[in-house]
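Read off the chains here:
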Amino acid sequence: MLHYDFEWSVLWRYPYGGMFIQGIWTTVHLSLFSWMIAILLGLTVCLCRMTPLRAARFLGGAYVELFRNIPLLVQLFFWYFAAPSLLPRELELWLYGNVKDLGYLVAVIALGTYTAARVSEAIRSGLLAVPRGQYRAAHSTGLSGGQTYRHVVLPYALRISWPLLTTEFLTCFKNSALAMTIGVLETTGTAAYVDSFTFHGLETTTAASCVYLATSGAVILTMSRIEKRMRIPGLIRRGYN
Amino acid sequence: MDWNVIARNLGFMAGGLVLTFQLAALAIGGGLLLGILLGLCRVSSVSWIYYPSTAYVHFFRSQPLILVIFWFYFLVPILVGRPLGAFPSTVVAFICFEAAYFAEIVRGGLQSVSRGQTMAAYACGLRYSQVQLHVVIPQALRNMVPALTTQAVVIFQDTSLAYVIGLREFLRRVNLVDTREVRSVELYCFAGLVYLVLCSMGSILARRLEQRRGAAPA
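If you're wondering where the values come from, they're calculated on a predicted model, not measured in any experiment.

Along chain A, the regular secondary structure elements total 9 helices and 0 strands. Reading chain A from its N terminus to its C terminus gives the helix and strand order α-α-α-α-α-α-α-α-α. Here the C-alpha coordinates of chain A stretch approximately 70 × 55 × 30 Å along the principal axes. Within chain A, contacts between residues separated by at least 24 positions form 75% of all contacts whose residues are at least 6 apart in sequence. Chain A carries 20 positive and 12 negative side-chain charges, and their two centres are separated by 21 Å.

And the structure:
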């Protein structure tokens, strides 16, 4: 054992305490904004994959394969270092000159588009689990294709894929830690940042891990409560064992 | 655009890819071993085995890998008593982290083996260890192969996170080349392509295995 002086006060001492609060708050809104993009984009991609149009199906499939088979960190670096230089020169200069928090913006976009591919797969598995009879029944009551999806199939599928979506949200939440690599001071980033001043990385990372643990626990509790309420009667429950 | 930048630095970047593969292999091997142990603990009916292993799995699954890597980077030197390099502490972090995910796959696999098999094995007079080793685990492993392959692909992608503590694996080296040559578009497209090709091969393999399993009589 190496001798190590624990000094937990780095967690609340001025100015570090404020940094941590700020970092946790950044993690929260970073993952929520990305999640909104992920849901909207993921739903679009998923519906593209389900249409009879071959081109749309191909694009949707390509999107999922592309974004799932490249590590998020590479995507993050691509959006941050490479993508701006692909823009027209004026736009690039404007971006660097006027957008104050470019790292944050890039993190939201990268995390959102990455999670969208996974969300799309989660929703698709829910859609595929909808029995064919539901489509036929909807058609025979005179609903059009769009109405069938909007009123019958999607509500049903979303309720089936709810547990998967909870997992994906938590993954998105955890992945937001990667934003630290492009200079966004979220929870993990703050832990590393405070370490660089105080050399008490063990305390700061332990505190950060408690934050993730508590948040994941809270999300799982809330979601399983909602899941119970939205459960489709007569369908087999997810096994808890 | 100057795609020659890739040819110029190919040797350097390939060296990083070797390190990436080493890290992935150690993480998959070690994680799988620890994961099988944890998975067995997770289906145990003995409460002092079940609860600690469940807590372990839930704890690591709630953590971002990047934070775990940091944490072990700070913790391992204190436990060992002397500073270790980035590589050993990353390997330990990966094994501990991925074991939690493997454990859940293993648990699913173990539960997919029908109870009749276990009962029959006990009826033949086998001991617990023999039942697990000769009857349950071989069947469970076969059921788990597609999920394990998918997880291996995920781990391969995850190795890029070792970047944060300065381990010079593939992505770190691409990044180093970029700081010298300032050719972000070419270099990150190249990095993305390398990962895409390697991971797609893994994903396709997983899908094949899944289909073959589906086709085989249960």
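After that view, the rundown keeps rolling.
All names here are of chain B. Between the first and last C-alpha of helix α5 (residues 86-112) there are 39 Å, a value that for 27 residues agrees with the 39 Å anticipated at 1.5 Å per step. The sharpest bend along α5 measures roughly 30 degrees and falls at Ala99. Of all 27 residues making up α5, 20 are buried, and the element is well covered by its neighbours.

Taken as a whole and assessed by the stated rule, the structure comprises 24 aromatic pairs over all chains. For the pair A:Tyr193 and A:Phe197, a centre-to-centre distance of 5.1 Å together with 80 degrees between the ring planes defines the contact as edge-to-face. One end of the pair is A:Tyr193 and the other is A:Phe197, both in helix α8 (residues 187-198) and 4 residues apart, which spans about a single turn. The exposure class assigned to A:Tyr193 is partly exposed, which follows from its relative accessible area of 34%. For A:Phe197, a relative accessible area of 45% gives the class partly exposed. One residue, B:Arg173, lies across the ring of B:Phe12, its end atom 4.8 Å from the ring centre.

This brings us to the interface of chain A and chain B. Accessible area lost on assembly of the parts is the figure often given for the size of an interface. In this assembly, 36 residues from chain A lie in contact with 41 residues from chain B. Approximately 3300 Å² of surface area, both sides summed, lies buried where chain A meets chain B, with 72% of it carried by carbon and sulfur atoms. Listing elements by their share of the side of chain A that touches chain B, those giving two or more residues are α2 (54-68), α3 (72-86), α8 and α9 (201-230) of chain A. The element best represented in the side of chain A that touches chain B is α9(A), accounting for 9 residues. When its residues are assigned to classes, the side of chain A that touches chain B shows 22 nonpolar, 10 polar and 4 charged.

Take a nonpolar patch on the surface next. Taken together, the side chains of A:Phe6, A:Trp8 and A:Trp12 make up a nonpolar region of the molecular surface, amounting to roughly 390 Å² of accessible area. Considering the arrangement of structural elements, one finds A:Trp8 in the segment before α1 (16-50).

All names here are of chain A. Closest axis-to-axis distance for the helix α5 (residues 102-128)/helix α7 (residues 145-175) pair is 8 Å, and the angle between their directions is 140 degrees. Compared by their axis directions, α5 and α7 come out oblique. Classified by chirality, the crossing of α7 by α5 is right-handed. Looking at side-chain class alone, the contact of α5 with α7 contains 15 nonpolar, 6 polar and 2 charged residues.

Okay, the nonpolar core next. A:Leu73, B:Met13, B:Ile69 and B:Phe170 are the most contacted members of the largest nonpolar core, which has 119 residues in total. For this core, the element with the highest residue contribution is α5(B), accounting for 14 residues. Contact partners of B:Phe170, with chain neighbours within four places excluded, come to B:Met13, B:Gly16, B:Leu17, B:Thr20, B:Phe190, B:Ala191, B:Val194 and B:Tyr195.

Turning our eyes to something else, we now look at helix α7 (residues 128-158) of chain B. For α7(B), with 31 residues, the first-to-last C-alpha span of 36 Å runs short of the 45 Å given by 1.5 Å per residue. At B:Val145, α7(B) shows its largest kink, close to 55 degrees, and the proline B:Pro146 lies no more than four residues downstream.

Here the focus is unusual backbone geometry. Trans peptide bonds make up the majority, and among non-glycine residues the majority have a negative phi. For the bond from A:Tyr14 to A:Pro15, the omega torsion is 0 degrees, close enough to zero to count as cis. A positive phi angle, near 55 degrees, is found at A:Phe199, a position not held by glycine. Assignment of secondary structure puts A:Phe199 in the loop between α8 and α9. Given a relative accessible area of 65%, A:Phe199 falls into the exposed group. Residue B:Val182 is not a glycine yet carries a positive backbone phi of 50 degrees.

So, how was this worked out
- Sequence order as written defines residue numbering, which begins from 1 separately in each chain.
- Here chains are named by letter from A upward and ligands by number from 1 upward, in the order in which they appear as written.
- Local features in this predicted model are restricted to residues whose pLDDT is 70 or higher, and side-chain atom pairs enter the listing and the counts only when it is 80 or higher, whereas totals over whole chains, interfaces and linings include all residues.
- Just so you know, side-chain values use all the structure's heavy atoms and leave hydrogens and water out.
- Helix numbers and strand numbers start at the N terminus; a helix is a DSSP run of H or I with at least 4 residues, a strand a run of E with at least 2.
- Note on contacts: a residue pair is in contact if any heavy atoms of the two residues lie within 4.5 Å.
- Charge assignment in this entry is limited to Lys and Arg as positive and Asp and Glu as negative, and neither His nor the chain termini are counted.
- By convention, charge coordinates are those of NZ in Lys, CZ in Arg, CG in Asp, or CD in Glu.
- For a helix, the expected span equals 1.5 Å multiplied by the number of residues minus one.
- What the bend at a residue measures is the angle between two axes, fitted to the seven residues ending there and to the seven starting there.
- Whether a residue is buried, partly exposed or exposed follows from its accessible area with a 1.4 Å probe, protein chains only, as a fraction of its type maximum: under 20%, in between, or over 50%, in that order.
- Any two rings among Phe, Tyr and Trp, with Trp reduced to its six-membered ring, count as a pair given centres within 6.5 Å; such a pair is stacked if its planes are under 30 degrees apart, edge-to-face if over 60, and tilted if neither.
- Our definition puts a charge over a ring when NZ of Lys or CZ of Arg is within 6 Å of the ring centre and also within 35 degrees of the ring normal.
- Here the quantity called buried area is the total loss of accessible area, with a 1.4 Å probe, experienced by two parts when brought into contact, counted for both.
- Just so you know the grouping, Ala, Val, Leu, Ile, Met, Phe, Trp, Tyr, Cys and Pro go in nonpolar, Asp, Glu, Lys and Arg go in charged, and all remaining residues, Gly too, go in polar.
- Exposure above 30% relative accessible area and no salt bridge define the residues that can form patches, which grow by joining like charges within 9 Å and nonpolar side chains of Val, Leu, Ile, Met, Phe, Trp and Tyr within 5 Å.
- In these tables, accessible area is a Shrake-Rupley quantity obtained with a 1.4 Å probe, and a residue counts as shielded only by the protein chains included in the view.
- The working definition used for a salt bridge is a side-chain nitrogen of Lys or Arg within 4 Å of a carboxyl oxygen of Asp or Glu.
- In this description, a line fitted to the C-alpha atoms serves as the axis of each element, helices being fitted only across the stretch in contact, and the angle between N-to-C directions of two axes falls anywhere from 0 to 180 degrees.
- Our angle categories are set so that under 35 degrees counts as roughly parallel, over 145 as roughly antiparallel, 65 to 115 as roughly perpendicular, and the remainder as oblique.
- Left-handed is the label given to a crossing in which the near helix is rotated counterclockwise from the far helix by less than a right angle, and right-handed is the label when the rotation is clockwise.
- Side-chain atoms within 4.5 Å are what join buried Ala, Val, Leu, Ile, Met, Phe, Trp, Tyr and Cys residues into a set we call a nonpolar core.

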